[in-house]
Amino acid sequence: MIDKLAKTVLKQVKDEYPYVAHPAAMRAEITKAEKLPEEYSYEISLKDKETGVCRDYILTGTSFRYRVKILTNGKDEMAEYPELINIDSRQCYQLGEIVSVAFIGGETEAVIVGG
């Protein structure tokens, strides 16, 4: 009786929340990397410790777009996962570099969370 109940609950969870069947974060290898033409910028304020004078600065940087292949914990390719494409990041990674990707809130779109 408990086995049947457990199977029913697991099936219901898989049907209603299909993303729980997969890890929220996985290892991946960068298989393609390109620098995007547009830049991003943001304003910051820095205060000199000695003088107390504040100065405003605008920082600009470059964004990158990646394609990654999901790996096992042993860093072998997982054939059952398709290559993930169009992952944008402000961090520069090299071809072949191992990174961590996360799927936020059950979404299918991945983000790179670190190398």
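Refer to the preceding data block for the structure.
Before going into details, it helps to say that this report is about the structure given with it.

Before going further, it helps to spend a moment on the nonpolar core. A general trend in soluble globular proteins is that nonpolar side chains are found buried together. Val68, Ile70, Val99, Val101 and Ile112 are the most contacted members of the largest nonpolar core, which has 17 residues in total. Residue assignment for this core shows that the elements contributing at least two residues are strand S1 (25-47), strand S2 (54-71), strand S3 (84-89), strand S4 (98-103) and strand S5 (110-114). Counting residues per element, this core draws most heavily on S2, which supplies four residues. Those residues in contact with valine 68 that sit more than four places away from it in its chain are Ala28, Glu29, Ile30, Thr31, Glu83, Leu84, Ile87, Val99 and Val101.

Right, let's get into the sheet that holds S1. The sheet built from five strands is open, its strands ordered S3-S2-S1-S4-S5 with antiparallel pairing. Taken across any chain shown, the strands that pair with only one partner, and hence form the sheet edges, are S3 and S5. Put simply, the sheet's adjacent strands are angled 40 degrees from each other on average, direction ignored. Where S1 and S4 come together, five bridges link them in antiparallel fashion. Counterpart to alanine 28 in the pairing with S4 is valine 99.

Reading the values: the criteria
- Each chain carries its own residue numbering, running from 1 in the direction its sequence is written.
- Residues qualify for local features only when their pLDDT is at least 70, as the model is predicted, and side-chain atom pairs are given and counted only at 80 or more; totals for whole chains, interfaces and linings, by contrast, use all residues.
- Only hydrogens and water are set aside; all other atoms, that is, all heavy atoms of the structure, feed into the side-chain values.
- Nonpolar core, defined: a set of buried Ala, Val, Leu, Ile, Met, Phe, Trp, Tyr and Cys residues in which side-chain atoms within 4.5 Å join the residues together.
- Here's how the labels work: a residue is buried when its accessible area is under 20% of the maximum for its type, exposed when over 50%, partly exposed in between, all with a 1.4 Å probe on protein chains only.
- Helix and strand assignments follow DSSP, with helices taken as H or I runs no shorter than four residues and strands as E runs no shorter than two, numbered in order from the N terminus.
- The contact criterion used throughout is that any non-hydrogen atoms of two residues lie within 4.5 Å.
- Between any two strands, at least two bridges found by DSSP are needed for them to pair.
- Every angle, taken between N-to-C directions, lies between 0 and 180 degrees, and every axis is a line fitted to C-alpha atoms, over only the stretch in contact when it is a helix.

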